[in-house]
Amino acid sequence: DAPFIWRGPMKSGAIKQFLSDVHWGELDYLIIDSPPGTGDEPLSVCQFIPKISGAVIVSTPQDVAVLDARKSIQFARELKIPIAGIIENMSGYFCPHCQREVNLFKKGGAEKAAEEMHVSFLGRIPFDPEMVELGDQGTPFVSHQSGSLSAKAFEEIVRLIEGQK
């Protein structure tokens, strides 16, 4: 429960140590999930990994989240990082009772931003409460719920990204 109260140089040093001192072994991908926006953490990662092969921008559909995603796209462009595309996360919820889609956070905001900013739209991942439960348990959602709409969306997005190589 104790917080890390770190300013820029301490965060940057921890990120550098994490990236350089950990023996990662043979990797197909190293995926780094950073906070939304263009702050210290994503900038440090970009500085410490000289040949980043690409950025995937993830946004929920509502306008305020898409604003951050647009800034992240510009950030990647300014740093000359290829952009694999943008994903719309928590895009709809399929009610298990009535089988209808409910747009909890609107729909289409990330797709519209992708079109306007000329980046690939990689797909939508519907909200799934099971993802929350499994995440809290440390259980990989996609392998545990492979037949769900959300898992299928993840798998299709991975195929699209891999196809860009």
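For the structure given in this document, a descriptive report is provided here. Here the residue index of a chain counts from 1 through its sequence in written order. Given that this is a predicted model, residues contribute local features only at a pLDDT of at least 70 and side-chain atom pairs are listed and counted only at 80 or more, while totals for whole chains, interfaces and linings are drawn from all residues. In computing side-chain properties, one takes all heavy atoms of the structure into account and sets aside hydrogens as well as water.

Moving on: the overall build of the chain. In terms of regular secondary structure, the chain is built from 7 helices and 4 strands. Structurally, the chain occupies a C-alpha span of about 50 × 40 × 35 Å along its principal axes. The long-range share in the chain, meaning contacts at least 24 apart out of those at least 6 apart in sequence, stands at 63%. Surface accessibility in these figures is a Shrake-Rupley result with a 1.4 Å probe; residues are shielded only by whichever protein chains are displayed. Only carbon and sulfur atoms are counted for the fraction: they give 55% of the accessible area of the chain, which is about 11,100 Å². Averaging the coordinates of the 16 positive side-chain charges in the chain and doing the same for the 22 negative ones gives two points 7 Å apart. Secondary structure is summarised from DSSP: a helix means a run of H or I of at least four residues, a strand means a run of E of at least two, and numbering begins at the N terminus for each. A contact between two residues is defined here by any heavy atoms of the two lying within 4.5 Å. Only four residue types enter the tally: Lys and Arg on the positive side, Asp and Glu on the negative side, with His and both chain ends excluded. For charged residues, the charge sits on one atom: NZ in Lys, CZ in Arg, CG in Asp, CD in Glu.

To continue, consider the packing of helix α1 (residues 8-21) against helix α2 (residues 40-48). Between N-to-C directions, angles span 0 to 180 degrees; the directions come from axes that are lines fitted to C-alpha atoms, helices contributing only their stretch in contact. Look at α1 against α2: their axes get within 9 Å of each other, and the N-to-C directions meet at 40°. Compared by their axis directions, α1 and α2 come out oblique. In this structure, α1 meets α2 at a crossing whose hand is right-handed. Contacts from Gly8, Lys11, Ser12, Ile15, Lys16 and Leu19 of α1 reach α2 at Asp40, Glu41, Ser44, Val45 and Phe48. Angle categories are assigned with fixed cut-offs, so that under 35 degrees is roughly parallel, over 145 is roughly antiparallel, 65 to 115 is roughly perpendicular, and the rest are oblique. Take the far helix as the reference: if the near one is turned anticlockwise from it by less than a right angle, the crossing is left-handed, and if turned clockwise, right-handed.

We note that Met90 has phi near 55°; this positive angle belongs to a residue other than glycine. If you trace the backbone, Met90 turns up in strand β2 (residues 83-94). Per-residue accessibility, obtained with a 1.4 Å probe over protein chains only, is compared with the maximum for each type, and a residue is labelled buried under 20%, exposed over 50%, and partly exposed between these values. Judged by relative accessible area, which is 27%, Met90 ranks as partly exposed. Positive phi is not limited to glycine here, since His118 has a value of about 60°. Residue position: His118 is located in the loop between α4 (109-117) and β4 (121-127). Overall, His118 belongs to the exposed group, its relative accessible area being 70%.

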